[in-house]
Amino acid sequence: MSDEKQTQGAPKAKPKKPKIPRQAMPEQDPHVRAKNFDSVTLGYADEQALTEASRCIQCKKPLCVQGCPVSIDIPGFIKAIKEKDYAKAVQVIKETNLLPAVCGRVCPQEEQCEQKCILGKKQEPVAIGRLERFVADYEAAHGEAPLPELPPKTGKKIAVVGAGPGGLTVAGDLIRKGHDVTVFEALHKAGGVLIYGIPEFRLPKAIVEREVDYLQKLGVVFKMNHVIGKIRTIYQLMKEDGFDAVFIGSGAGLPWFMDIPGENLNGVFSANEYLTRNNLMKAFDFPNYDTPIKRFKNVAVIGGGNVAMDSVRTALRLGADNAYIVYRRGREEMPARTEEIEHAEHEGVQFKNLTAPVRILGNEDGWVTGLECLKMELGEPDASGRRRPIPIEGSEFVLDMDAVIIAIGTSANPLIGQTTPDLKLTRRGYIEVENETTCRTSKNGVFAGGDIVTGAATVILAMGAGRNAANAIQEYLETGEWWTPNGDGEK
Amino acid sequence: MYEILKKKVWQEEKPRITEFEVDAPEIARAHRAGQFVILIVDENGERIPLTIADKDAEKGTISILFQEVGKSTMCLGKLDVGDRIHHITGPLGKPTHVEKFGTVVCVGGGIGIAPVHPIAKAMKEAGNKVISILGARSKDLLIYEEEMKAASHEIRVTTDDGTYGRHGFVTDELKAMIEEEKIPIDLVVVIGPPIMMKFVCKVTEPHKIKTFASLNTIMVDGTGMCGACRVTVGGKTRFVCVDGPEFDGHQVDFEEMMMRQQQYLTEEKIAVERCEKQTCHKN
Ligand SMILES: Cc1cc2nc3c(=O)[nH]c(=O)nc-3n(C[C@H](O)[C@H](O)[C@H](O)COP(=O)(O)OP(=O)(O)OC[C@H]3O[C@@H](n4cnc5c(N)ncnc54)[C@H](O)[C@@H]3O)c2cc1C
Ligand SMILES: Cc1cc2nc3c(=O)[nH]c(=O)nc-3n(C[C@H](O)[C@H](O)[C@H](O)COP(=O)(O)OP(=O)(O)OC[C@H]3O[C@@H](n4cnc5c(N)ncnc54)[C@H](O)[C@@H]3O)c2cc1C
Ligand code: SF4
Ligand code: SF4
Ligand code: FES
């Protein structure tokens, strides 16, 4: 077959048929959507999905699968779409991915599955993420998936700490193995960053709620408002409450500030606060909801990642006349997804690249009035491989501003580490594990995965870690075997 | 869970002060003096922090005492015995550092007397001599007097209008204890309005008396995730919900903290006006 050749090297003959272009995703008009919190992208219609699916040449050795952290059988599910057997397509995806409606929307596909797709060499890759979303949405629109038959109860009890994508995956996998699973979540709603961080216009909360409901129907017990380390410690869960194993998926939730003057002025927020007020607490609908948020006119968001894009687009939707991204490197170096940067540009976000904030200015009542910045130029590549920004001397200038949102990263929350003395942490406070496959920590019976191990990463990586941890927990329950880091991890 | 088992109105006159005993066995079991909860009154409610004023671990209950200063506390005050609070998370924050210091003075101002109560109790149990100073605007606004008597070796009361105890502020009493009575004090713990805490710290600072102040900043999650609760302590930014709520009072930038508490004044007014017009929903 011709695709066989393609996967092995450059194809010689040109395809005869005119190429079908990658199907664009319908989306709300940028001017309209910049003022509402509804979904930006609207999803493929059947017709578009079938056309897009027809572009996939069904490689025998599909490179795309290597690009997916959870190795979804991509040609398999696309084949099912081609055959209009959407139910089967869902089934194929769900064998390895519990949350396709989420990943289809927020995975950085352009760096993962789609980057590896063979079509990408000559033309545009198959829109794998959009197809994944299409089938997941199809499933949602066509009633509930039937509950799988569960094996008899094993009598084993598993505690999952944190209801983010990592924790939810572990819970889903282990309940299907017949264990009792209890998820402890610090907030009053499950979903982690999917609920409090990523905005409604990119990931409707109903999708996350539906997945949580599904797990509940399978028998997973959710204990909300349970901050582990405070209400119960890991030690108590295991020694007093009878849990046979614990998975920690508590995420990287501690916001960084920049340590520049003026950071505690009124009108300066961490992206986490700004997004949590809006997403988790629905402050955009104040006073129908009690949590307030300020509707600022001139807002600067500092940072260049997905979190920064989400914050700046939220500011626009809350009525900002001028919403800026202030980023110290260039557009090329921005860690945010290209799609998000483009969406932000179309909506009217103003980019101040090669600009570093040095001071936040305020008035006598303590409110922000401006942001003093320094222009930067790019030098040699640094440790991260990106060109290092160097300040241009004497280039200070002030932007008039009434709010500054800081989105420069997060680190590990210390609560669990502080209250679990025999849990080994890395120098930067993340939980140390044996390796990414076993997810075993230095404490017997305790596993960890997701952002609390890797630092802020992606939804699919957290889910992949959850899948690995679930397998490792299963093995541990069967064998009771553990490892000893540096010979002294046993407890 | 979170059912209200007892309700006591300490003060009818506005701002009303109410105490609830709430069914929350896991929180009661884990609680240590100095910790607080974050609760959500109803479906659309915000997350507000309140100190655990007392607990009964055996019965599985905690007590919270609050002053109706805005929408959320007003809605909370409308609940009755048998109603449920939508969500309660806790215990949060670091427990008070309790050990045998010697003589400990616990200062509570207004509604702050309730949160200082478990600390006084724990300090007494740890073998300290506990003298408490309770401050109120007027005699009928004084709360928790009996409870504080039981939790301390001695209590002293001040009222702004002189209707009970010393005529003056808690700082006057504290100053007199230090400068006139020359009572050797090893530690002061203070909870109350920020302005009062600031002046208590000003009194103790020249005498180098260690002073813990329990801060009440605006909060959202209470788990260290959002940074809404940040304050400057000793020139460094700290998060009250996870690094506190108690800090070395001599290091706290109270001016900044008071300024940050004003952030949502406009919105708070809107919320209260609306609240007065509509009925709150109960769970
Ligand atoms: C604004 C924003 C936008 C993003 N955009 C994208 C994107 O487009 N694509 C993408 O792939 N990734 C994105 N990410 C990253 C992605 O969301 C995370 O990598 C992922 O959610 C990590 O999952 P997790 O399960 O490890 O933890 P989290 O999702 O962080 O969940 C951890 C959960 O644990 C709870 N918890 C914490 N401590 C405790 C405790 N002591 N006891 C009990 N519960 C606790 C927390 O409340 C939380 O619910 C984004 C992140 C943010 C913040
Ligand atoms: C750790 C901690 C413990 C607390 N313990 C108690 C307690 O035991 N009893 C009690 O009555 N109050 C306590 N508070 C204060 C209480 O949280 C606020 O009174 C409450 O959030 C006000 O909500 P509201 O909607 O009724 O009023 P709002 O309309 O939100 O506010 C009214 C007034 O209260 C101030 N305020 C708003 N939010 C807060 C906040 N989170 N903290 C402090 N002040 C705020 C505002 O500046 C404003 O002046 C505590 C606060 C903290 C941080
Ligand atoms: S889960 Fe993410 S990486 Fe894997 S196929 Fe789907 S979109 Fe691609
Ligand atoms: S998606 Fe791309 S790489 Fe994967 S099977 Fe289809 S054509 Fe091949
Ligand atoms: S309240 Fe969010 S970090 Fe303290």
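Since the model is a prediction, treat every value here as computed from it, not as a measurement.

A. Structural context of the overall build of chain A. Of regular secondary structure, chain A possesses 19 helices and 16 strands. Taking 23 Å as the expected radius of gyration for a compact globule of 491 residues, we find that chain A reaches 24 Å, a close match to that expectation. The burial tally for chain A puts 58% of its 491 residues in the buried class. Look at the contacts in chain A between residues 6 or more apart in sequence, and 69% of them connect residues 24 or more apart. Accessible area for chain A stands at about 20,800 Å²; split by element, carbon and sulfur atoms hold 50% of it. Charge centroids of chain A, computed over 61 positive and 65 negative side chains, lie 5 Å from each other.

B. Local environment of the packing of aromatic side chains. Residues and elements named next belong to chain A. By the definition in use, this model includes 13 aromatic pairs over all chains. Geometrically, the ring pair formed by Phe-269 and Tyr-274 is tilted, given 6.0 Å between the ring centres and 40 degrees between the ring planes. Here Phe-269 falls in the buried class, since its relative accessible area comes to 2%. Residue classification places Tyr-274 among the buried residues on the basis of a relative accessible area of 2%. Aromatic ring contacts, followed pair by pair, group Phe-37, Phe-201 and Phe-284 into a single cluster.

C. Representation of the pairing of strand S1 (residues 4–11) of chain B within the structure. Residues and elements named next belong to chain B. Across six bridges, S1 lies against strand S2 (residues 17–23) in antiparallel orientation. Across the sheet, residue Ile-4 finds its bridge partner in S2, namely Val-22. Linking S1 to S2, which pair antiparallel, is a turn of five residues.

D. Summary view of a negative patch on the surface. All names here are of chain B. Among the surface-exposed residues, Glu-13, Asp-140, Asp-160 and Asp-161 lie close enough to one another that they form a single negatively charged patch. Note on placement: Asp-160 falls in the loop between strand S10 (154–159) and strand S11 (166–167). Residue classification places Asp-160 among the partly exposed positions, given a relative accessible area of 35%.

E. Representation of the site of ligand 3 in the model. A:Cys68, A:Pro69, A:Ile72, A:Ile74, A:Asn97, A:Cys103, A:Cys107, A:Gln109, A:Gln112, A:Cys113, A:Glu132 and A:Ile460 make up every residue found near ligand 3. Residues that form the shell around ligand 3 fall into these classes: eight nonpolar, three polar and one charged.

F. How the structure looks around the nonpolar core. Among the nonpolar cores identified, the biggest contains 57 residues, and A:Ile74, A:Phe77, A:Ile81 and A:Leu131 are the most heavily contacted of them. Here this core spans two domains, since at least three of its residues come from each of domain 1 (30–141) and domain 2 (157–253 + 412–490) of chain A. Of all hydrophobic cores here, the second largest spans 55 residues; its members include A:Phe257, A:Tyr324, B:Val190 and B:Met219.

G. Layout of the confidence of the model for chain B. With 98% of its residues at a pLDDT of at least 70, chain B reaches an overall mean of 92. Model confidence for the complex: the whole-complex pTM is 0.92, and ipTM, which rates the interface, is 0.93.

H. Examining the confidence of the model for chain A more closely. Taken over all residues, the pLDDT of chain A has a mean of 91, while the share at 70 or more is 95%. The model gives residues 1–10 of chain A a pLDDT under 50, and that stretch makes 14 contacts with residues more than four places away or in other chains.

I. Representation of the pattern of salt bridges in the model. Enumeration over the complete set of coordinates arrives at 43 salt bridges over all chains. Ionic pairing is found between A:Glu340 and A:Arg202, a salt bridge with its closest N-O pair at 3.4 Å. Taken as a pair, A:Glu340 in helix H16 (residues 338–347) and A:Arg202 in the loop between helix H11 (193–196) and helix H12 (205–218) lie far apart in primary sequence, 138 residues in all. For A:Arg202, a relative accessible area of 10% gives the class buried. Between B:Arg156 and B:Glu173 there is a salt bridge; the shortest N-O distance is 2.8 Å. On the criterion of sequence distance, the pair formed by B:Arg156 in strand S10 and B:Glu173 in helix H5 (residues 170–180) is long-range, its members being 17 residues apart. Neither B:Arg156 nor B:Glu173 differs from the other in exposure class; each is buried.

J. Highlighting the environment of B:Phe247. Residues and elements named next belong to chain B. Locating Phe-247 in the fold gives a position in strand S16 (residues 246–248). A sequence separation of 14 residues divides Phe-247 from Val-233, and the C-alpha atoms of the two residues are 7.6 Å apart. If we skip the residues at most four places from it in the chain, Phe-247 touches Thr-211, Phe-212, Ala-213, Leu-215, Val-231, Val-233, Arg-238, Phe-239, Val-240 and Val-252.

K. Layout of the domain arrangement of chain A. Residues and elements named next belong to chain A. When the domains of chain A are assigned, the result is domain 1 (30–141), domain 2 (157–253 + 412–490) and domain 3 (258–408). The C-alpha-based centres of domain 1 and domain 2 are spaced at 27 Å. Facing 22 residues of domain 1, the contacting portion of domain 2 comprises 21 residues. Counting the surface domain 1 buries against domain 2, the share from its top three residues, Leu-98, Leu-99 and Val-106, is 31%. At the junction of domain 1 with domain 2, the criterion picks out zero salt bridges. Counting every contact that joins domain 1 to domain 2 gives four residue pairs in polar contact (both at pLDDT 80 or more). Put simply, the parts of the chain that give the side of domain 1 that touches domain 2 at least two residues each are helix H7 (100–106) and helix H9 (128–141). Looking at the side of domain 1 that touches domain 2, the element that brings in the most residues is H7, giving five residues.

L. The arrangement of the interface of chain A and chain B in detail. On the side of chain B, 47 residues touch chain A, which itself brings 42 residues to the contact. Buried area between chain A and chain B, summed over both chains or domains, comes out near 3,800 Å², and the portion from carbon and sulfur atoms is 53%. On the chain A side of the interface with chain B, the three residues burying the most area are A:Lys230, A:Asn264 and A:Asp290, jointly 19% of the side's total. One can count three salt bridges joining chain A with chain B. Notably, a salt bridge pairs A:Asp290 with B:Lys71, separated by 2.7 Å at the nearest N-O pair. Seen at the junction of chain A and chain B, the total is 24 residue pairs in polar contact (both at pLDDT 80 or more). No other element matches the four residues that helix H14 (residues 271–279) of chain A contributes to the side of chain A that touches chain B.

M. The arrangement of the site of ligand 2 in detail. All names here are of chain B. Around ligand 2, 22 residues are found, and the nearest of them are Pro-49, Leu-65, Thr-73, Asn-216 and Gln-261. Between ligand 2 and Thr-73, the relevant distance is 2.3 Å, taken from an oxygen atom to a side-chain nitrogen or oxygen of the residue. A distance of 3.3 Å separates a nitrogen atom of ligand 2 from a polar atom in the backbone of Thr-217. Contact with the protein chains covers 86% of the free accessible surface of ligand 2, which is 830 Å². Of the residues forming the shell around ligand 2, the biggest block, four residues, is contributed by strand S4 (residues 48–51).

Procedures and definitions
Residues numbered from 1 in each chain as written. Chains lettered and ligands numbered in written order. Predicted model: local features only at pLDDT ≥ 70, side-chain atom pairs only at ≥ 80, totals over all residues. Heavy atoms only, no water. Helix = DSSP H or I, 4+ residues; strand = E, 2+ residues; numbered from the N terminus. Rg over C-alpha atoms; globule rule 2.2 N^0.38 Å. Buried < 20%, exposed > 50% of the residue type's maximum accessible area, 1.4 Å probe, protein only. Contact = heavy atoms within 4.5 Å. Areas by Shrake-Rupley, 256 points an atom, 1.4 Å probe, with all protein chains shown as cover. Lys, Arg positive; Asp, Glu negative; His and termini not counted. Charge placed at Lys NZ, Arg CZ, Asp CG, Glu CD. Phe/Tyr/Trp six-rings, centres within 6.5 Å; stacked < 30°, edge-to-face > 60°. Pairing = 2+ DSSP bridges. Patch = residues over 30% accessible without salt bridge, like charges linked within 9 Å, V, L, I, M, F, W, Y side chains within 5 Å. Salt bridge = Lys/Arg side-chain N within 4 Å of Asp/Glu carboxyl O. Near = heavy atom within 4 Å. Nonpolar A, V, L, I, M, F, W, Y, C, P; charged D, E, K, R; others polar. Core = buried A, V, L, I, M, F, W, Y, C linked by side-chain atoms within 4.5 Å. Domains from an automatic or database assignment. pLDDT = per-residue confidence, 0-100. Buried area = accessible area lost by both parts, 1.4 Å probe. Polar contact = N/O pair within 3.5 Å; in protein donor to acceptor, adjacent residues only side chain to side chain.

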